Amino acid sequence: MKIALASDKGGFDLKEYIKSYLKGKDYDVIDLTEEPAADFVDSSVAVSRAVLDGKADRGIMFDEFGAGSAMASNKIHGMVTANVAEENTSHMTTQHNGAKAIAIGAGIVGPKKAESLVDEYLGVNYAGGRHQIRLDMLEKLS
């Protein structure tokens, strides 16, 4: 599975940690910010474009709190990104909401919690079925 990662200054150290963690688990990691992006909007757009263009299967974006990256990403037509800080949301946002990316706030969660969030996000697939109705409704909004 190809995973696109990017961050601004506030999330850079955690992104680097998770990049190493994912490589250790044999994921194909695409680091879109070898240096911190100037703004979370830039890093979240980079991840979103990589996923939507088929260069990555999923994406993870990092900033100080996660919310800004998720909001910026969700402005892009076709993107579904969730700001996650606990494992159940990380899991369910993918299984029921078809999340193409997650946003993690480095000022909210530490490295070990981020590992758990990433494992839950990458360890499940979108269930489809009755949940697709919601995604179709969301698509009509953007």
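Refer to the preceding data block for the structure.
Position labels on residues start from 1 in each chain and follow its written sequence. Residue-level local features of this predicted model are given only where pLDDT is at least 70; pairs of side-chain atoms are given and counted only at 80 or more, and the full residue set underlies all totals for whole chains, interfaces and linings. Derived side-chain values reflect all non-hydrogen atoms in the structure, with water molecules and hydrogen atoms excluded from consideration.

S.K.: Let's hear about the pattern of salt bridges: which residues, and what values?
M.R.: Should their charged atoms come close, side chains of opposite charge can pair. Each salt bridge in this description consists of a side-chain nitrogen of Lys or Arg and a carboxyl oxygen of Asp or Glu lying within 4 Å of one another. Per the stated rule, a full pass over the model turns up seven salt bridges. Here Lys15 ties to Glu16 by a salt bridge, and the two come within 2.8 Å at their closest N and O atoms. Three exposure classes are used, based on accessible area relative to the maximum for each residue type with a 1.4 Å probe and protein chains only: buried under 20%, partly exposed in between, and exposed over 50%. Given the relative accessible area of 0%, Lys15 is considered buried. Counted as one network, the salt bridges with shared partners bring together Lys15, Glu16, Lys19 and Asp31.

S.K.: Lay out helix 5 (residues 111–122) in plain terms, naming residues and giving numbers.
M.R.: Think of it this way: any DSSP run of H or I at least four residues long counts as a helix, any run of E at least two long counts as a strand, and we number them from the N terminus. The span you would expect from a helix comes to 1.5 Å times its residue count less one. Its twelve residues give helix 5 an end-to-end C-alpha distance of 16 Å, which sits within 8% of 16 Å, the value for a rise of 1.5 Å per residue. All buried positions along helix 5 are accounted for by Ala114, Glu115, Leu117, Val118, Tyr121 and Leu122. The buried residues of helix 5 all sit within an arc of 165 degrees when viewed along its axis, so they share a single face. Structurally, helix 5 contributes buried residues whose contacts are with strand 1 (2–7), helix 1 (12–24), strand 3 (58–63), helix 4 (87–95) and strand 5 (101–105). Here the arc refers to the directions that run from the helix axis out to each C-beta atom. Pairs of residues are marked as contacts when any of their non-hydrogen atoms sit within 4.5 Å.

S.K.: Break down the packing of aromatic side chains for me, with residues and values.
M.R.: Ring pairs are drawn from Phe, Tyr and Trp, using the six-membered ring of Trp, whenever the two centres fall within 6.5 Å, and their geometry is named by plane angle: stacked under 30 degrees, edge-to-face over 60, tilted for the rest. If you walk through the whole model with that rule in mind, you get zero aromatic pairs. Should the NZ of a Lys or the CZ of an Arg lie within 6 Å of a ring centre and within 35 degrees of the ring normal, that charge is described as sitting over the ring. Between Arg58 and the ring centre of Tyr121, over which it is positioned, the NZ or CZ distance is 5.1 Å.

S.K.: Help me get a handle on the sheet that holds strand 5, residues and values and all.
M.R.: For two strands to count as paired, DSSP must find a minimum of two bridges between them. Read across the sheet, five strands follow the order 2-1-3-5-4 without closing on themselves; strand pairing throughout is parallel. Strands at the two margins of the open sheet, each flanked by one partner only, are strand 2 (28–31) and strand 4 (81–83). Across this sheet, the average inter-strand angle for adjacent strands is 20 degrees, counted without regard to direction. For strand 4 and strand 5, the ladder comprises three bridges, and the chain directions are parallel. Residue pairing across strands places Thr81 opposite Ala101, the latter belonging to strand 5. Here, axes are lines fitted to C-alpha atoms. For helices the fit covers the stretch in contact, and angles between N-to-C directions go from 0 to 180 degrees. Where helix 1 meets the sheet, it contacts strand 1, strand 2, strand 3 and strand 5, and its direction lies at approximately 165 degrees from that of strand 1.

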